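Notes for the structure review
Chain by chain, the residues:
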Amino acid sequence: MDSAREVLRGRFGYGEFRPGQAMLVEAILQGRDVLGVMPTGAGKSLCYQVPGVVLPGLTLVVSPLVSLMGDQVRALLDAGVRGAYLNSTLTPGQQATVLQRALNGTYDIMYVAPERLSDPRFISFAQQAAIPLVAVDEAHCVSQWGQDFRPSYLAIGQFIASLPKRPTVAALTATATQQVRSDIVRLLGLCNPHVLVTGFDRPNLRFAVERMEPKRKLARVVAYAKNRPQESGIVYCSTRDAVEKVHEALCEAGVPATRYHAGLSNEERAANQQAFISDDAPVMVATNAFGMGIDKSNVRYVLHHNMPASIEAYYQEAGRAGRDGEPAECQLFWSDADISTGRFFIEKETENEGLTPDEAQRVRAVRRRMLEAMVGYGYTTDCLRTYILRYFGEEGTPACENCSNCAGGFEALDVTRGARAIMRTVHNLRGRFGKSVVVDVALGKNSQRVQELGLSKAPCFGCLEVPEGAPAPSAALLREVIELLATKDCLIVSEGTYPTVGLGPRCRDAATDDFTLTMKKAKKVSLGRTLVGGAKGVHSPENEALFQELRALRKRLADEQGKPPYVVFSDAALRDMCAKRPTTDERFLEVSGVGATKLARYGEDFMNAIRAFGATSA
Ligand code: ADP
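A brief structural summary.

Thresholds, definitions, all that
Note on numbering: residues in each chain are counted from 1, in written sequence order. Thresholds applied to this predicted model are a pLDDT of at least 70 for local features of residues and 80 or more for the giving and counting of side-chain atom pairs; totals over whole chains, interfaces and linings are not thresholded and use all residues. To get the side-chain values, take all heavy atoms of the structure and skip hydrogens and water. The way it works is that DSSP assigns letters per residue, a run of H or I at least four long becomes a helix, a run of E at least two long becomes a strand, and they are numbered from the N terminus. Classification of residues uses two cut-offs on accessible area relative to the type maximum, computed with a 1.4 Å probe and protein chains only: under 20% is buried, over 50% is exposed, and between them is partly exposed. Contacts are assigned to residue pairs with any non-hydrogen atoms lying within 4.5 Å of each other. Note on areas: Shrake-Rupley with a 1.4 Å probe; residue coverage comes only from the protein chains shown. We count Lys and Arg on the positive side and Asp and Glu on the negative side, and we leave His and both chain ends out. Think of each charge as sitting on NZ of Lys, CZ of Arg, CG of Asp or CD of Glu. Two strands form a pair only when DSSP identifies at least two bridges running between them. Axis definition: a line fitted to C-alpha atoms, over the contacting stretch in the case of helices. Angles run 0 to 180 degrees between N-to-C directions. In these notes the angle categories are as follows: under 35 degrees is roughly parallel, over 145 is roughly antiparallel, 65 to 115 is roughly perpendicular, and the rest is oblique. In this scheme the crossing of two helices becomes right-handed for a clockwise turn of the near helix relative to the far one and left-handed for an anticlockwise turn of less than a right angle. All residues other than Ala, Val, Leu, Ile, Met, Phe, Trp, Tyr, Cys, Pro, Asp, Glu, Lys and Arg, Gly among them, are scored as polar; the first ten of these are nonpolar and the last four charged. Cavity and pocket criteria rest on a 1 Å grid covering protein atoms alone: a 1.4 Å probe that fits but cannot get out defines a cavity, protein on both sides within 12 Å along at least 5 of 7 lines defines an open pocket, and an atom within 4 Å of a point defines a lining residue. Grid points are joined across faces, edges and corners, and a volume is the space filled by probe spheres set on the points. The arc in question is the one traced by the directions running from the helix axis out to the C-beta atoms. Residue proximity to a molecule or strand is established when one non-hydrogen atom of the residue lies within 4 Å of it. Whenever a nitrogen or oxygen atom comes within 3.5 Å of another N or O atom, the pair is scored as a polar contact, on the condition that within protein one atom can donate a hydrogen and the other can accept it, and that pairs from neighbouring residues in sequence are kept only if both atoms are in side chains. Here is how to tell: hold the view so the strands point away, follow the path from the first strand over the helix to the second, and if it runs clockwise the crossover is right-handed.

In terms of helices and strands, the chain carries 24 helices and 17 strands. The buried share of the chain, reckoned over its 618 residues, is 54%. Contacts in the chain between residues at least 24 apart in sequence constitute 72% of all its contacts with a sequence separation of at least 6. On the chain, roughly 26,800 Å² of surface is accessible, and the fraction owed to carbon and sulfur atoms is 51%. Measuring between centres, the 73 positive side-chain charges of the chain sit 2 Å from its 70 negative side-chain charges.

Next up, the structure:
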């Protein structure tokens, strides 16, 4: 473990392992398989990179993120670690060279795409090489229950078993559900693994939810981005169309934005991703096709222009903000239309996946429940952070006092009476009708549809009792009550040719005596910068000015060397530099994220800038 700490300090420039990292690294160094479940930004890479340097021989890192391997290896080289990668972006000649060098012991760590593992040339290489450790990044890709299933991941277990000497295997993922976890252990063939699930909380992220009409979203997103001119952010949209519109609006407003979706050519996608990573276009507008494995650490906000399909997806995407540990914002804008779109996708996609009707049925049910939990996030009146953590099985976390709910951005409206009437109506109509009919019947409204169906004689017709003097709830409100009940699994709403509302698995909850339901009623919230929490108090105007200078220097050096700026130094490292203002090598090494290699490579430039700044401000 001492040698691991030495590598951590000397190469990566960090004083201490984070708690989860220390346990995983220690287990790996003792030759024990591990499964590490940690949220995005927790620092999974170091868990295998540090052992990769410490252990003699070549550590293989299996990763699906081919487009990212170049960056990851560049970051390693920049820290003075001997790294390489092997994937289809290299010519056959280059691949042969890499393999030859690897056999000669040139590298400590090699990234490979999962497809390589069934390539005969690679297999014969692996038979000869000394491989002490195989790290499987994004390990949830092996599970069909996850969102990113990759058939090529199924070959990993066999590959490991075929090696002459079994390596230690480290599996890492940010997906926490029990089902996915047990798939990973089984399908990768982990031996008695040390399983570590670290807290999913990301204290530096501030969560906010805002429900709004679709037509208001565009202006809201533009205003948000314009308000943060220097900052890097991602705007996620659910369709290519929306990406195009938002991108155009941002560009028109003068925000340096770029875009990413599956409809663009490979070249354009690669170029746009590069522009984002290099901060030439610090704002990225994208579908969920973008970002898996993007580890740009200085993303200061992630906006969702539409509601994603699950809390897993949301937390993963939102979690791309603030990986450097500095304050960052995650804001969800949503509307009812997003829910129908989500349901529509669920019905449509399961038609096309070549599943048996039974399987398709099961997959749909799983996805519906995932979506409902996401909708529940939009509706909840609880602390947003608590809601997410509870979803991942972390009970008992105190409210954050930082999210938009804790900040009191709404009033709670008691809708228990309406909910009871809706439940009774759905029960009575036996789940045969859609939302409008249910609402009309509950309200006792003799609409044309109700007449056609002869439902005015149903016992539940007009069952919603309104106390004297109180206003009758609107049909729109009752429709929302239906959605809210669906998020609690009391109802199931299906979209499709004949949309229906039926009873859900927890419908009995709503029949109990102590059942209550409150709904969030929007109140205008100011989402000015003042709400950003967790600032460390080092952002004085003077430090801010120095920070901007160091950032410009970082960008210049990065461009000169063809590297992303955050590979040179993270925002967190620059902030620490501003606070410490080192002017000697020794002091420079005290900055978080500075190791010997970075000192040698960049120390002088940055210390010169700090000296010059000190001189002007004195
Ligand atoms: P993950 O893969 O879990 O999403 P990364 O490995 O990309 O996260 O790490 C996220 C950020 O945290 C990176 O900028 C990394 O340099 C930083 N980091 C990781 N471990 C430490 C540590 N022990 N001390 C300080 N910073 C760290």
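Having seen it, we continue.
Within a beta sheet, neighbouring strands are joined by backbone hydrogen bonds and run either parallel or antiparallel to one another. One open sheet holds the 6 strands; their spatial order is β8-β13-β12-β9-β11-β10, and the pairing between them is parallel. At either end of the open sheet lies a strand with only one pairing partner, and these are β8 (205–211) and β10 (257–260). This sheet shows a mean twist of 15 degrees between the axes of neighbouring strands, independent of strand direction. Where β8 lies against strand β13 (residues 328–334), 7 bridges are found, and the strand directions are parallel. Bridge pairing in β13 places A208 opposite Q331. Docked against the sheet, helix α12 (residues 311–318) engages β8, β9 (232–236), β12 (299–304) and β13, running at close to 150 degrees with respect to β12.

This next bit is on the packing of helix α20 (residues 541–561) against helix α22 (residues 571–580). Direction vectors running N to C along α20 and α22 enclose 130 degrees, while the axes themselves pass 9 Å from each other. Classed by the angle they form, the pair α20 and α22 counts as oblique. In the packing of α20 onto α22, the handedness of the crossing is right-handed. Contacts from N543, E544, L546, F547, L550, R551 and R554 of α20 reach α22 at D571, L574, R575, M577, C578 and A579. Classifying every residue of the contact of α20 with α22 by side-chain character gives 7 nonpolar, 1 polar and 5 charged.

In this section: the environment of V243. The residue V243 is located in helix α10 (residues 240–252) in this model. Between the C-alpha atoms of V243 and P459, which are 216 residues apart in sequence, the distance is 48 Å. Contacts of V243, omitting those with residues within four sequence positions, involve C237, R259, Y260, H261, V285, A286 and T287.

Here strand β5 (residues 133–136) shows a buried face lined by L133 and A135 and a second buried face lined by V134 and V136. Relative to β5, strand β2 (residues 59–62) runs parallel, the two being bridged by 3 bridges. By the bridge assignment, V62 is partnered in β5 with V136. Of the strand pairs in this sheet, β5 and strand β6 (residues 168–173) are connected by 4 bridges, and their pairing is parallel. From the neighbouring strand, L133 faces β6, where its bridge partner is T168.

This part takes up the sheet that holds strand β3 (residues 83–86). Read from one edge to the other, the open sheet built from 7 strands follows the order β3-β4-β2-β5-β6-β1-β7, with strand pairing classed as parallel. The outermost strands of the open sheet, each flanked by one partner alone, are β3 and β7 (194–197). Taking each pair of neighbouring strands and ignoring which way they run, the sheet shows an average axis angle of 15 degrees. For strand β1 (residues 34–37) and β6, the ladder comprises 4 bridges, and the chain directions are parallel. Across the sheet, the residue bridging to L35 is A171, located in β6.

Here the focus is empty space enclosed by the protein. All told, the structure shown has 1 cavity of 30 Å³ or more when counted by the stated rule. Contributing to the lining of the largest cavity are L86, Q95, L99, R116, D119, R121 and F122. Mapped onto the lining of the largest cavity, the elements with two or more residues apiece are α5 (92–103) and α6 (120–128). When its residues are assigned to classes, the lining of the largest cavity shows 3 nonpolar, 1 polar and 3 charged.

All right, on to helix α8 (residues 178–188) then. Listed in full, the buried residues belonging to α8 are V180, R181, D183, I184 and L188. Axial view of α8: buried residues confined to an arc of 160 degrees, hence all on one face. Facing away from the buried surface of α8 by more than 90 degrees, the exposed residues are Q178 and R186. Phi turns positive one or two residues past the end of α8, at G189, with a value near 65 degrees.

This part is about the site of the ligand. Taken together, 15 residues surround the ligand, and among them Y14, Q21, G41, S45 and R323 come closest. Within the contact set of the ligand, a nitrogen atom lies 3.2 Å away from a side-chain nitrogen or oxygen of R18. Here A42 contributes a backbone N or O atom positioned 3.4 Å from an oxygen atom of the ligand. Summarising the interface, the protein chains cover 83% of the accessible area of the ligand, which totals 570 Å² for the free molecule. Sort the elements by how many residues they give to the shell around the ligand and helix α3 (residues 44–54) lands first, with 3 residues. Taken together, the residues of the shell around the ligand sort by class into 5 nonpolar, 5 polar and 5 charged.

This brings us to the pairing of strand β11 (residues 283–286). Taking every second residue as pointing to the same face, both faces of β11 are buried, with V283 and V285 on one and M284 and A286 on the other. In terms of strand pairing, β9 meets β11 through 4 bridges, oriented parallel. Paired with G233 across the bridge in β11 is V283. Where β10 lies against β11, 4 bridges are found, and the strand directions are parallel. Paired with R259 across the two strands is V285, which belongs to β11. A crossover connection joins β10 to the parallel β11 through helix α11 (residues 266–277); in handedness this β-α-β unit is right-handed.

A few words on the side chain of N306. Residue placement: N306 occurs in the loop between β12 and α12. Exposure remark for N306: the relative accessible area of 10% places this residue in the buried category. Reaching out from N306, the side chain makes a polar contact with the backbone nitrogen of S238 at a distance of 2.9 Å. Of note is the side chain of N306, whose polar atom sits 3.0 Å from the side chain of H305. In contact with N306, not counting residues within four places along its chain, are K217, Y236, C237, S238, A242, L332, F333 and D338.

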